[in-house]
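As a plain string of letters, each chain reads:
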Amino acid sequence: MSVITRKLIAKELYVHRWTMLSSAAAAALAAFVCAFGRTAFNVGAIAWITAVIASGVMLAIYGVMHERKEHSLQFVLSLPISTRQYVFAKTFGLLLSFMLPWLVASASAVILVLASPAVNDGLLPYIVVFCGFLLANFSVVLCGALHARSEGMMTAVIILTNMAVSLFMFIVGALPGLRDHMAGPVPVWNGTVFNVLLIEAIVLAIAVTLPLLTSARRRDFV
Amino acid sequence: MTATKHIEMRGVAKAFRFFALHGLSFDLEPGQVMGLVGPNGAGKSTTIRMAMGLMTPDEGEIRVLGHPMPAAQAAAKRDIGYVSADMRLMPNATLGWHMKLVSSIYPGWDAAYAATLVKRFNLRPAQSTHTLSHGEHTKAALLLALARRPRLLILDEPTTGLDPVARHELLTEFMDVLRDESRSILFSSHNTVDVERISDRIAFLDRGRLVANSDKEDFLERWRRIEVQLPPGAALPELAHIVGHASDGRFHTLTTNHFDERQLAQLGPAVRNVQRMSLEEIFVANVMHHREARDQ
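Each chain carries its own residue numbering, running from 1 in the written order of its sequence. The lettering of chains begins at A and the numbering of ligands begins at 1, in the order of writing. Per-residue local features of the predicted model are confined to residues with pLDDT of at least 70, and side-chain atom pairs are confined, for both listing and counting, to 80 or more; whole-chain, interface and lining totals are unaffected and use all residues.

Chemist: An account of the overall build of chain B is requested, with residue identities and associated values reported.
Modeler: Runs of H or I in DSSP of at least four residues are treated as helices and runs of E of at least two as strands, each being numbered from the N terminus. The helix and strand inventory of chain B stands at 10 helices and 14 strands. Seen through its principal axes, chain B has C-alpha atoms that stretch 75 × 45 × 40 Å. Here a residue counts as buried when 20 or more other C-beta atoms sit within 10 Å of its C-beta, as exposed when there are 12 or fewer, and as partly exposed otherwise, the C-beta atoms being derived from the backbone. Every one of the 296 residues in chain B was classed for burial, and the buried ones make up 41%. Contact between two residues is assigned whenever their backbone-derived C-beta positions fall within 7 Å. Taking as baseline every contact in chain B between residues at least 6 positions apart, the subset at least 24 positions apart corresponds to 71%.

Chemist: Tell me about the overall build of chain A, and name the residues and values.
Modeler: Each helix and strand counted, chain A has nine helices and zero strands in total. Each helix and strand of chain A, ordered N terminal to C terminal, gives the series α-α-α-α-α-α-α-α-α. For a compact globule the rule gives 2.2 Å times the number of residues to the power 0.38, and the radius of gyration it is set against comes from C-alpha atoms. In terms of overall dimensions, chain A is globule-like: its C-alpha atoms have a radius of gyration of 19 Å, near the 17 Å expected for 222 residues. Its C-alpha atoms give chain A principal-axis dimensions of about 55 × 35 × 30 Å.

Chemist: Any details on the interface of chain B and chain A? Residues and values, ideally.
Modeler: In this complex, chain B contributes 22 residues to the contact, which on the side of chain A involves 22 residues. Elements with a contribution of two residues or more to the side of chain B that touches chain A: helix 2 (73–76), strand 6 (80–84) and helix 3 (95–105) of chain B. Ranked by the residues each element gives to the side of chain B that touches chain A, the list is headed by helix 3 of chain B, at three residues. For this scheme, ten residues count as nonpolar: Ala, Val, Leu, Ile, Met, Phe, Trp, Tyr, Cys and Pro. Four count as charged, namely Asp, Glu, Lys and Arg, and the remainder, Gly too, count as polar. The class makeup of the residues in the side of chain B that touches chain A is 12 nonpolar, five polar and five charged.

Chemist: I'd like a description of the sheet that holds strand 3 (residues 33–37) of chain B, backed by residues and values.
Modeler: All names here are of chain B. Two strands form a pair only when DSSP identifies at least two bridges running between them. Read across the open sheet, the six strands follow the order 6-7-8-3-9-10; overall the sheet is mixed. Since the sheet does not close on itself, it has two edges, and those belong to strand 6 and strand 10 (209–215), each with one partner. Here the average twist between neighbouring strands, direction ignored, is 10°. Geometry is summarised by axes, namely lines fitted to C-alpha atoms with helices restricted to the contacting stretch, and by angles between N-to-C directions that run from 0 to 180 degrees.

Keep in mind these numbers describe shape, not what the thing actually does.
Shown next as structure tokens:
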């Protein structure tokens, strides 16, 4: 990785520091709220999901769409980089920017399951695959943002990926390998869990690689 | 040994849905300031973006500082300072942070010159970019481009929207850059006063075509407006190189793009006045002449 690519990745982390920190704090607080009874769990869970999704959407909108719309993209592209290096730095910079709040949110959810007597430890595999899904889902949002040439297209990407969260919860939560053990006292790490994680890893890999193959080869970059 | 041309464009074409740039060819030599002049929508920004490697031409060849564009844009941009009127710095960051970022990328960053420009442009490094006015934003972007000490400055309408004092400050800085004869500037504008002040070569662009490309002095020397009052019943003689003609009875105003004493000799005592033309007048006459020629 070239020096300038590293500097541009660091630039993403710096520019989005407040989004990262506020989302991480909101997700940790929401997980903490979940420990105080059933109603608090429901409220906290919604706030936790919202914090993670909102951080992803904000990173994609401000990191990609606004940079293009507000013409700060021209400043970045005036630096000695190729479009491929720019797309690489943007993809990994924003992925790392998302990973801080995502890691804090995931860790706080895992701690909640393991530390709270009110939450069954059997829920842990579902929490893990759900966290994996949120990371893969962000990579799809980011991939969409790097390809979208209009706000309408970006809005469509955001709507579809938000709908995917509900679909994931219903469909994957209904898989027998996960559903049957959620209320159990111990976590069960079976083939279903690993298959879902594998699919999420494949989606993540494709979404992260695709912009380097397509967007970076765009003939007109501004 | 011949010095590498700073910009070479050969037969460059680029088509969009409602606009096309046709067969653009020009060179920018080291030490030259080229003003790219054209009305809105002439293709100035497209030309500049292709020179920066941000757009790929459909046809033709572009080399900047000897590097083929856009393929070798990363190498070329090590020696280019680029600013456009609508360029904005990064949000959630200060000018000082930008200066630190750019200085860490360009080994030739001149910290003392950057500090001078901060004072001269009345900027504050601690100021967040979202609080900068349009003029301050442009000055900040120029500071970041100039303090790299680039061999080539590419400026896309940098003075647009600036007050006269700010424009004067920027143009003075551009002229300062050219004290070093190995540096050059490609500068687009529809403000002919700015272009006339700093350019030594001028290219007129209109509706995607390069309609003229020459030294500034050459334009100013060749173009004249000749006022003629013919005697009653006399006809205007056929003159070469007349690109504009307006008449009111016996009074005629002729615009020539190749002024020659022989034209005056042909007109004889009918000549009432010969006027030099400003760059703006030359630009308008040139564009109108080419539009009429194309429409015929």
